[in-house]
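Residue-level structure breakdown
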Amino acid sequence: MPRRGARRSTASFTSTRHLVRAMLLLMTGAVALGAAASAYAQQSMLDPKGPNAQRIANLSWLLIGLGTIVFVVVMAFVLIAVFRQRRDDGTEDEAPGGQRFIVGGVLASVAILTIVLVGTFWTLAVLADDEPSGIAIHVVGHQFWWEVRYPDYGVVTANEIHIPVGEPVRLTMTSTDVIHSFWVPELTGKLDLNPNDTNVLTLQADQAGTYRGQCAEFCGLQHALMAFHVVAETPDEFAAWMTRQAQPAAEPSNEIIVRGQEVFLSAACVYCHRVGGTNAEANVGPDLTHFASRQYIAAGTIENNRGNLAGWIVDPQAIKPGNLMPGIDLPPEDLQALLSYLESLE
Ligand code: CUA
């Protein structure tokens, strides 16, 4: 009998150590996840920069707070149970107040879930109450990029949405192919872009800056590389940007750029792209009228610079496999001229 008791005690000691170790691992994991999330804070919904994002962040903190309290209380009970078992060493006492614990547990669960439910419905109701107003922007989802139109100004661009800071803008959104989802975590909650349907969303940034957003609905091979940027700027900067964007493309200003324009207009580029003021009028791919004014190529995938652009034109499938752009095979001097032309489209 004593031997059996001793063995049991060792076993229970080992399992306690395992349990404590597992709990420590779990907590370390949670802290590591949190640290990773804040390191990537350029897309953090817990760092709101607009009124709707603030409401969603408040709800998130409520959930995180309640979750933390539940975690701590449950772990405390687990530890109490574990150590009580060790001390009792084999004898099974009836737990004191067992009935009360069960009733208390059920009541606490109901109360917590009710708070979560009310908080969620209240936030949803406030967000749904939002009357979209302000400048109209039409966003069209494509596999795998974003077409951005300002119908009141006749401006078309891609993957970069400029808005005036502190003002709501009204996004109407649809898709040409599959379902995409528009999400800028720091500015607002996500909303789907559906084919044959239009959804409306208010976007507002209360601080100037560039906010990264991305597609939040799996839409095919390059879903993960379907990003975009919202640039919130002062009303003056926004007006200046809009004035530039509303103009036709810059006329070639030197021989190389003239050559580059010829290359562009005689190559396959014109089957998909538009450059305002030229014969290139297709709208399968992004509008390139003011291509050089944008910070990124291929929907936030790579920075817009000459080297990246050359790589993208020659072999876009290596950079973003499954996108719709075919590689363009050009003699080196034609490629250089084409790069100079595209860089001139400011
Ligand atoms: Cu578009 Cu995912």
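The rules behind these values
- Residues numbered from 1 in each chain as written.
- Predicted model: local features only at pLDDT ≥ 70, side-chain atom pairs only at ≥ 80, totals over all residues.
- Heavy atoms only, no water.
- Salt bridge = Lys/Arg side-chain N within 4 Å of Asp/Glu carboxyl O.
- Helix = DSSP H or I, 4+ residues; strand = E, 2+ residues; numbered from the N terminus.
- Buried < 20%, exposed > 50% of the residue type's maximum accessible area, 1.4 Å probe, protein only.
- Phe/Tyr/Trp six-rings, centres within 6.5 Å; stacked < 30°, edge-to-face > 60°.

The next subject is the pattern of salt bridges. A full pass over the atoms with the stated rule returns seven salt bridges. The salt bridge involving lysine 49 is made with aspartate 47; its shortest N-O contact spans 3.2 Å. Taking the shortest distance from any N to any O, the salt bridge between glutamate 343 and arginine 306 comes out at 2.7 Å. With glutamate 343 in helix 8 (residues 332-343) and arginine 306 in helix 6 (residues 306-314), the pair connects residues that are 37 residues apart, well separated along the chain. Under the relative-accessibility criterion, glutamate 343 is labelled partly exposed at 32%. According to the relative accessible area criterion, arginine 306 is partly exposed, its value standing at 29%.

Here the distance between the centres and the angle between the planes together describe a pair of aromatic rings. Across all of its chains, the model carries seven aromatic pairs by this definition. Between phenylalanine 77 and phenylalanine 101, the aromatic rings sit 5.4 Å apart at their centres with planes inclined by 85°, giving edge-to-face as the arrangement. Of the two residues, phenylalanine 77 sits in helix 2 (residues 51-88) while phenylalanine 101 sits in helix 3 (residues 98-129), which places them 24 residues apart along the sequence. Phenylalanine 77 sits in the partly exposed class, given a relative accessible area of 42%. Their ring planes at 55° and their centres at 5.7 Å tell us that phenylalanine 264 and tyrosine 341 sit as a pair that is tilted.

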